[in-house]
Each structure stands twice: as structure tokens, then as C-alpha cells.
Amino acid sequence: MLAFRLGFLDIGWLDLLDIVLVAVLIYQIYNLVRGSVASRVFVGYLLVYLAYLLVKALGLNLMTTILEYFISVGALALIIIFQHEIRRFLLLIGKSTNLTNSRRIRRWLLRDSTGVDTQTPLKPILDTCKALGAEFSGGLLVLQKNDDLEKFAQSGELIDADISKPLLLAIFSQYSPLHDGAVIISDGRIRAARCILPVSEDDELPPSLGFRHRAALGMSEATDAAVIAVSEESGRLALALNGELYTNLSQPELESRLERYLHEPVR
Ligand SMILES: Nc1ncnc2c1ncn2[C@@H]1O[C@H](COP(=O)(O)OP(=O)(O)OP(=O)(O)O)[C@@H](O)[C@H]1O
């Protein structure tokens, strides 16, 4: 069906839909690679593709063949160059469409009538962060939301204990053999300590933030867990949610962000 005519071009509704979808796709890819070295490669590849379309339209056969060859080899190269971005993109899709996650259903069943998850007591966790920050002890705490964290818990020492401030402080004490790595909290219990988290590759992270913060961000990119990092260097609190790192948080800010995030209705 014809939508309108642009000079010699007949443009149908399906063409318009096609253009909108391609624009959305390019915008999403741009968002994903923005700020990274890959963004320059992406723009370069796009320019070569535009040049290819131009020489093809002009009927320059030799140039078209060369650029065609370049683009087909380039597609393979792009997969290699963009492997982290592709992984992030697929994780994002996987995270938002994980309908088979049985924990999501369990969570839904455990919710009270107000829709609030009553499982994880935040007070001892927040008190622990405050105490750790005050004494410049590092801390990394992963609070499960819906995604299964068992794989990450298995990378450390399994504990399965009630959440309490003394126990969390004992774990993160510099004399404790469990203080390195992250504590994972799930189903209202301390599930494991000394856990290894995936590290974010984000180039935009300030260089002052080291691996503790990268691990917090990486975990929030890979899962929907809320991750608190307490800096050993500055005593400051940071929170990673859905691939975003919020730094220099005050205690009330941390509390309200956590409350809002963990207790928001399951979609
Ligand atoms: N992948 C990881 N998984 C879990 N914990 C990690 C990981 N990487 C680093 N850590 C923790 O972070 C600590 C090192 O922190 P580092 O000093 O590099 O980070 P930072 O972000 O600068 O934090 P700080 O402000 O506390 O110094 C390690 O001792 C370890 O406990």
C-alpha cells in the first residue's frame, strides 16, 4: 500500500515501518557502544556501508565489489570487536524476558498483599554498611531480586545464616578469611561469602574506582541483583542497579534507592 511518493520513490507503509525499525536498531546499538572505542568502529563501519550504497546506486561496479567484499569480511570482524557489547545486549534481553525463572514465581507467591517483599531485612544490611564505611573497611554485598544467583554463590563459601549485623561485620573484618570477595544475600539469608562476581568492562567508570566497584557494576549488568560496595579507601557507599553505578550515596539515599528497587512490583 502506497503511503506517499518522494520524487521517483514510491514509499509504502511497510517501507516506513522498516525505516523506523532500522532507526530504532541503530539508535539502540549506538546507545550500547556510546563512549567506548567500539563506537568509533561502529561509525566507521556505517560510513563504509553508506559509501557502498552510494557507489552501488551510481553503478560503479568495481568499487561496489571491493566494498561488498570489505563489508562481508567486516561483519565477522565486527562480531569480534563488539563481543562485549553483544554479550551485554543479549544479557539485557535475557534478563528482561526470563519468564522461566522459577524464583520470579516464588517471589510473587511470597509477596504480601501490599506487594512488598518481606523476606530480606534491610536494616541489618544498612547498619553493616554504615559501620563498614565508618571504619574504612571494604564491603561488597549482593542482594538478590529475582534472578538466580546460585552460580555466583557457588564460587565462594556457602554459609546459609540469618542476616545479622555482627555476622556481616565478622565476615568483612580484615582478619576474617572470608572478607575478600562478595557476600550474597538471597531469600532473606546470608547465602555465601567470598564470592567472585563478574567484572564490568565499562570504559566510563572513573579510574579512581577499582575492582570492587567494577565487580558491583558487572554483577548488576549480568543480573537484576542490587549490589552495595563500601569503599575501603574512602568509606563511601555505592550502589549498582541494572548496569548503573550510583556513588557517594548517603545512608538515607542508599536506603531509599534499595527500598524502591527491591520492593518495586515484579514485572
Ligand atoms: N570480581 C570480584 N568479585 C568479588 N570481589 C572482588 C572482585 N574484584 C575485586 N573484589 C574485591 O575488591 C577488593 C579490591 O578492591 P579494589 O581496591 O581494587 O577496589 P576499589 O573499587 O578501588 O575499592 P576500594 O575503594 O575499597 O579500594 C578485593 O580485595 C576483593 O575483596
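Predicted model only: the values in this text are computed from it and were never measured.

Caption draft 1: Up close: the sheet that holds strand S9 (residues 244–249). Strand order in this open sheet of 7 strands is S4-S6-S5-S3-S7-S8-S9, and the pairing throughout is mixed. Bordering the open sheet on either side are strand S4 (157–162) and S9, each of which pairs with just one other strand. This sheet shows a mean twist of 20 degrees between the axes of neighbouring strands, independent of strand direction. Set on the sheet, helix H9 (residues 211–222) makes contact with strand S3 (139–143), strand S7 (226–230), strand S8 (237–241) and S9; between it and S7 the angle comes to about 175 degrees.

Caption draft 2: Highlighting the UniProt feature "transmembrane region" (unreviewed entry) in the protein chain. Within this numbering scheme, the UniProt entry marks residues 12–30, 37–55 and 61–82 as carrying the feature "transmembrane region" (unreviewed entry). Secondary structure over residues 12–30 splits into 95% helix and 5% strand, and the C-alpha atoms at its two ends are 27 Å apart. Between the C-alpha atoms that bound residues 61–82 the distance is 30 Å, and the span itself is 95% helix and 0% strand.

Caption draft 3: A look at the pattern of salt bridges. Across all of its chains, the model carries 5 salt bridges by this definition. Residues Arg 189 and Asp 160 are paired through a salt bridge, measuring 3.0 Å at the closest nitrogen-oxygen approach. Note that Arg 189 is positioned in strand S6 (residues 189–195) and Asp 160 in strand S4, a separation of 29 residues in sequence. Notably, a salt bridge pairs Arg 212 with Glu 232, separated by 3.2 Å at the nearest N-O pair. On the criterion of sequence distance, the pair formed by Arg 212 in helix H9 and Glu 232 in the loop between S7 and S8 is long-range, its members being 20 residues apart. Look at Glu 232 and you get partly exposed, because its relative accessible area is 48%. By sharing partners, the salt bridges in this structure join Asp 160, Asp 162 and Arg 189 into a single network.

Caption draft 4: Spatial organisation of the packing of aromatic side chains. Evaluated as defined, the whole model comprises 1 aromatic pair. Judged by centre distance (6.0 Å) and plane angle (35 degrees), the rings of Tyr 49 and Tyr 52 are tilted. Taken together, the positions of Tyr 49 and Tyr 52, both in helix H2 (residues 37–58) and 3 residues apart, correspond to about one turn of that helix. Residue Tyr 52 is classed as buried on the basis of its relative accessible area, which comes to 9%. Over the ring of Tyr 261 we find Lys 145; its NZ or CZ atom is 4.1 Å from the centre of that ring.

Thresholds applied
Residues numbered from 1 in each chain as written. Predicted model: local features only at pLDDT ≥ 70, side-chain atom pairs only at ≥ 80, totals over all residues. Heavy atoms only, no water. Pairing = 2+ DSSP bridges. Helix = DSSP H or I, 4+ residues; strand = E, 2+ residues; numbered from the N terminus. Axes fitted to C-alpha atoms, helices over the stretch in contact; angles between N-to-C directions. Contact = heavy atoms within 4.5 Å. UniProt positions renumbered as here; feature names shortened; annotations may be inferred. Salt bridge = Lys/Arg side-chain N within 4 Å of Asp/Glu carboxyl O. Buried < 20%, exposed > 50% of the residue type's maximum accessible area, 1.4 Å probe, protein only. Phe/Tyr/Trp six-rings, centres within 6.5 Å; stacked < 30°, edge-to-face > 60°. Lys NZ or Arg CZ within 6 Å of the ring centre and 35° of its normal.

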